[in-house]
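Report on the structure
The chain contents come next:
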Amino acid sequence: MADHQLMDQDQSKKSAYDAGSIQVLEGLEAVRKRPGMYIGDTTSRGFHHLVYEIVDNSVDESLAGHCDTILITIHADDSITIEDNGRGIPVGIHKEGRSALEVVMTVLHAGGKFNNENYKVSGGLHGVGASVVNALSAHCTVEVKREGSLWRQSFKKGIPVSSIEKLGETDKSGTKTTFKPDREIFKDENLRFDFNILANRFRELAFLNAGLKLSLLDERSGKKQEFAFTNGLIEFISFMNESKKALHSEVIYFKGNKELVDVEIAMQWNDSYSESIYTYCNNINTIEGGTHLAGFKTALTRTANIYATNKNLLKDLKGSLEGDDIREGLAAVISVKVREPQFEGQTKTKLGNNEVKGAVESLVNDRLADWFDRNPQHAKLIISKCIESALAREAARKARDLARRKTALDGGSLPGKMADCQERDPALCEIYLVEGDSAGGSAKQARDRRTQAVLPLRGKILNVEKARFDKMLSNEEIKMMIGALGTGIGKDNINIEKIRYHKIIIMTDADVDGSHIRTLLLTFFYRQLPSVIENGYIYIAQPPLYKVKRAQSEKYLKDEKSLTQFLLDTSLQNMNVINLKEGKDEKELKKFILNIKKFDELLKTLSHRFEREVLIQMVSKVRNLEQLLKSESGINEFYLNFKNWFTQNPTSGISQGDIKILKNNEYGNYEFSLVTVKFGYKFDTVVNNQFAFSTEWKELKEMWDSFQTVVETPIQLKINSNEETFHDYVDFYQRVMDLGKKGLSLQRYKGLGEMNPSQLWETTLNPENRHLLRVTIEDAMAADETFSVLMGEQVEPRRKFIEENALLAKELDV
Ligand code: 0RA
């Protein structure tokens, strides 16, 4: 009877497990079918969003008071690790025989369910959790330190590869997630984790969560940055005003809780003319604003006017101060934490909760009035600036009206310098904004005049405007541009329906001046015509990067990749691999050669930490690295093998190798470090569990094994009638590329002016071949920040920018 019951129970458990599995699979499949529904898109934005999802879980753990450090490591192969020192995701059996960890990682929206005591506040823009990241990853491994042990479970495309394993002992706690985005989902092969994009987000998170340390390490370059701020938002404001002069020394700061809404605000006026208000809800940047921003603006306008009226400061003004006047030169950060946030708007970044407006408004009313009262001198300075702005605005408005009438823009007559297109349907029309009259001239000749308009912009004129932004409006080129677009101007007056082109394409040179002009134009659109960006009408032209010449023929190549393809194709016409394995054709040979490049690049990025020859010996001799680390004798065997190899291959340059083997209790195995001396230089290669379990190692190994199936070393190559032999895949690759370069002149593309009209058409204008980058509102925001640096009074940040860009220019010129 007892037995029978037991059996029954087992069976019911099993079928519940199966049922659960089916649900999990269906869930994961839904995510992989429509990734956009879960992470927004599968471009760079969605790619980085994966990281934010995982980091946000750690931030939640810190908001609950259990974690103060998050380490993020970008690996050489674009996998990434996020490690925190929180309590660790629970590992016990949760339901249907699955560990809680497995449930968190595989069941959609399961992440928060364990976390009842604190509401989930960060949760990312889409707040979808770890299971979505897991589903969209080729590999994902979670390690948890908890209850005295280290646990690990791995997944492929969201599906567990094995059950959770207990590896060894530890007295620490925390969660470490390593994942590699699946390239079947993220198809753009140029997608990489961008250090600056990640650093900016982590800096922001550190500002928003005072006391939390986020540290970012890039193993591809060795670059490292750490963000930790004790005074959170106050330091955020100082950072924003870094390149400006503050009007008053103290950052105004207050924090409070009303109607279950936590509100935190910091603000400071500077002597610039731009308004920078950043708003957040639950650590999410609410780009489209919403109720918190509305409450802030209302209270700010009210408080400033009451104070100014009471102190009799508004004598010179006809009416009262408008909101825009008060916010000129204001840097502010508003951060609210809300239990059930409602995000609305086109990009779901507009806060909709009504209770938040009142909460922010009443806090600002009370506390800002109080600050004005306690700081009368500074308050007076601020009000004077507002009045100045009100007067200037009035003057600018008059000038603008005048200018508009003069150029008769509304009448539809277009500026002489511009070449318009014949088509009238805006959806089919494009306008190229071209740097310089000479490139503009070529573009006019080259374009398809039915649909493409060209407006040359003289960069230098725009360049030197170091004054109030409004002045830009009196610039001839800018006036022409406004006239051409047909929307009118000014945040509140523009009529997007009237736009005459649905593609506005900025085409500048690939140098510092060009990037300067691009920044300026983007800033202009961001501040004066934001809806044009929001509608996705602004693009950046991507002229080719290379020009190759052989005898009489010239060719432009758009990027590094097309160059490699080109060299390879050329080379293959003159060579022949003698010992190519049977059944392998040219297509496979090509793929193989391109893979050697990848292999070599991976070795190069790993070269900060690994001696190249050691790695090559490892991939060629070690079948299973994890297995190797399980026994000291296995490691020693590899070591002897390695020593044997370098004594027999003196050309490798390696003269010495000393091994140290260490026991690792957390993982319950061994690790080793191998100190080699190569051409007199000492190098320490550490082979630890992190590496043994990394996707980098897996990838190296898989590539090596795939090479073996195409051609084994030594490779025998026939070039014309000569035979050459290669023992190293990478040397072989080098030879193939050199062969492709023979008789070729290769040049980095310099400027638009260098191409003649037909080349310009082929590479940059022709919709069939060209590459356009669509500008997002975030891009424009970043440009706006850069603009402040470029135009600001402070010399140091500008010098820094130019230095960094000069470096960039130098790299481009190689
Ligand atoms: C649920 C419950 C508990 C911790 C976590 C989730 C947790 C999740 C993540 C994700 C990344 N880092 C994390 N750290 C913790 C705690 C349950 C308990 O110990 O009482």
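Details of the structure are given in the entry above.
Residues numbered from 1 in each chain as written. Predicted model: local features only at pLDDT ≥ 70, side-chain atom pairs only at ≥ 80, totals over all residues. Heavy atoms only, no water.

The next thing to look at is the overall build of the protein. Along its length, the protein carries 27 helices and 32 strands. Taken across its 814 residues, the protein has 51% of its residues classed as buried. A fraction of 69% describes how many contacts in the protein between residues 6 or more apart in sequence connect residues 24 or more apart. Of the roughly 38,500 Å² that the protein leaves accessible, carbon and sulfur atoms contribute 49%. (Helix = DSSP H or I, 4+ residues; strand = E, 2+ residues; numbered from the N terminus. Buried < 20%, exposed > 50% of the residue type's maximum accessible area, 1.4 Å probe, protein only. Contact = heavy atoms within 4.5 Å. Areas by Shrake-Rupley, 256 points an atom, 1.4 Å probe, with all protein chains shown as cover.)

The next subject is the pattern of salt bridges. For the coordinates displayed, the defined rule picks out 46 salt bridges. Residues joined by salt bridges that share partners form a network here, namely Arg32, Lys157, Asp182 and Glu184. (Salt bridge = Lys/Arg side-chain N within 4 Å of Asp/Glu carboxyl O.)

Strand order in the open sheet made by the five strands is β12-β13-β16-β14-β15, with mixed pairing throughout. Lying at the two open borders of the sheet, with one neighbouring strand each, are β12 (252–258) and β15 (284–285). Set on the sheet, helix α7 (residues 232–240) makes contact with β12, β13 (261–269), β14 (276–281) and β16 (330–337); between it and β16 the angle comes to about 150°. Lying over the sheet, helix α8 (residues 291–310) contacts β13, β14 and β16, oriented at roughly 130° with respect to β16. (Pairing = 2+ DSSP bridges. Axes fitted to C-alpha atoms, helices over the stretch in contact; angles between N-to-C directions.)

In this structure, Phe179 and Phe202 are the most contacted members of the largest nonpolar core, which totals 62 residues. It is helix α6 (residues 195–208) that contributes the most residues to this core, eight residues altogether. Apart from the residues lying within four places of it in its own chain, the contact partners of Phe202 are Val51, Val55, Ile72, Leu214, Leu216 and Phe227. Core analysis: the next-biggest nonpolar cluster, separate from the first, contains 60 residues, Ile593, Leu628, Tyr670 and Leu717 among them. (Core = buried A, V, L, I, M, F, W, Y, C linked by side-chain atoms within 4.5 Å.)

In total, this model carries zero disulfides according to the counting rule given. Free of any disulfide, Cys429 has its nearest cysteine sulfur in Cys421, 3.6 Å distant. In this structure Cys429 comes out as buried when scored by relative accessible area, which is 2%. (Disulfide = S-S within 2.5 Å.)

To continue, consider a positive patch on the surface. A cluster of basic residues, Arg183, Lys587, Lys591 and Lys598, forms a positive patch on the protein surface. Looking at where Lys587 falls in the secondary structure, it is placed in helix α18 (residues 586–606). (Patch = residues over 30% accessible without salt bridge, like charges linked within 9 Å, V, L, I, M, F, W, Y side chains within 5 Å. Lys, Arg positive; Asp, Glu negative; His and termini not counted. Charge placed at Lys NZ, Arg CZ, Asp CG, Glu CD.)

Relative to the 20 Å expected for 14 residues at 1.5 Å per residue, α6 spans 20 Å between its end C-alpha atoms, a close match to the ideal helical length. Between the side-chain oxygen of the N-cap and the backbone nitrogen of Asn196 there are 2.8 Å, and the N-cap of α6 in question is Asp194. (Expected span 1.5 Å × (residues − 1). Polar contact = N/O pair within 3.5 Å; in protein donor to acceptor, adjacent residues only side chain to side chain.)

Remark: the centre distance and the inter-plane angle together describe each pair of aromatic rings, the angle taken between the planes. Within this structure, the stated rule accounts for 24 aromatic pairs. An aromatic cluster of three or more residues is present, and its members are Phe592, Phe599, Trp704, Phe707, Phe726, Tyr729 and Phe732. The aromatic ring of Tyr670 is capped on one face by Lys663, whose charged end is 5.3 Å from the ring centroid. Over the ring of Phe693 we find Lys698, and its NZ or CZ is 5.3 Å from the ring centre. (Phe/Tyr/Trp six-rings, centres within 6.5 Å; stacked < 30°, edge-to-face > 60°. Lys NZ or Arg CZ within 6 Å of the ring centre and 35° of its normal.)

Below, the discussion takes up the environment of Gly97. Secondary-structure assignment places Gly97 in the loop between β3 (93–95) and β4 (98–99). Sequence separation between Gly97 and Gly20 is 77 residues, and the spatial gap between their C-alpha atoms is 9.9 Å.

Strand order in the open sheet formed by five strands is β20-β19-β21-β22-β32, with mixed pairing between adjacent strands. Each edge of the open sheet is held by one strand with a lone partner, namely β20 (452–457) and β32 (772–774). Sheet twist, expressed as the mean angle between neighbouring strand axes with direction ignored, is 25°. With six bridges connecting them, strand β19 (residues 430–435) and β20 associate as parallel partners. Its bridge partner lying in β20, Ile431 is registered against Ala453.

Spanning 13 residues, helix α24 (residues 729–741) covers 19 Å between terminal C-alpha atoms, matching the ideal 18 Å at 1.5 Å per step. Buried within α24 are the following residues: Tyr729, Val730, Phe732, Tyr733, Val736, Met737, Leu739 and Gly740. In this structure Asp728 caps α24, since a side-chain oxygen of it lies 2.6 Å from the backbone nitrogen of Val730.

Moving on to unusual backbone geometry. With an omega of -5°, the peptide bond between Thr713 and Pro714 qualifies as cis. Here Pro714 shows up in the loop between α23 (695–710) and β29 (715–719). Despite not being glycine, Lys157 has its phi angle at roughly 50°, a positive value. Look at Lys157 and you get partly exposed, because its relative accessible area is 31%. Even without glycine at this site, Asn720 takes up a positive phi of about 50°. Residue placement: Asn720 occurs in the loop between β29 and β30 (722–726).

Moving on to the packing of α18 against α23. One way to put it is that α18 packs onto α23 with a least axis distance of 10 Å and a crossing angle of 150°. For the element pair α18 / α23, the angle class is roughly antiparallel. In this structure, α18 meets α23 at a crossing whose hand is left-handed. Residues Phe592, Asn595, Ile596, Lys598, Phe599, Leu602, Leu603 and Leu606 of α18 form the contact with α23, whose participating residues are Glu696, Glu699, Leu700, Met703, Trp704, Phe707 and Val710. Looking at the contact of α18 with α23, its residues break down into 11 nonpolar, one polar and three charged. (Parallel < 35°, antiparallel > 145°, perpendicular 65-115°, else oblique. Left-handed = near helix turned anticlockwise from the far one by under 90°. Nonpolar A, V, L, I, M, F, W, Y, C, P; charged D, E, K, R; others polar.)

The subject of this paragraph is the pairing of strand β9 (residues 174–181). Counting buried residues along β9, eight of its eight residues qualify, which places the element largely inside the surrounding structure. Burial along β9 is two-sided: Gly174, Lys176, Thr178 and Lys180 facing one way and Thr175, Thr177, Phe179 and Pro181 facing the other are all buried. As paired strands, strand β2 (residues 80–84) and β9 are joined by five bridges and run antiparallel to one another. The partner of Asp84 across the bridge, within β9, is Thr175. Across eight bridges, strand β5 (residues 137–146) lies against β9 in antiparallel orientation. Of the residues in β9, the one forming a bridge with Val144 is Thr175.

Fair warning: the whole summary comes from geometry, so function is off the table for now.
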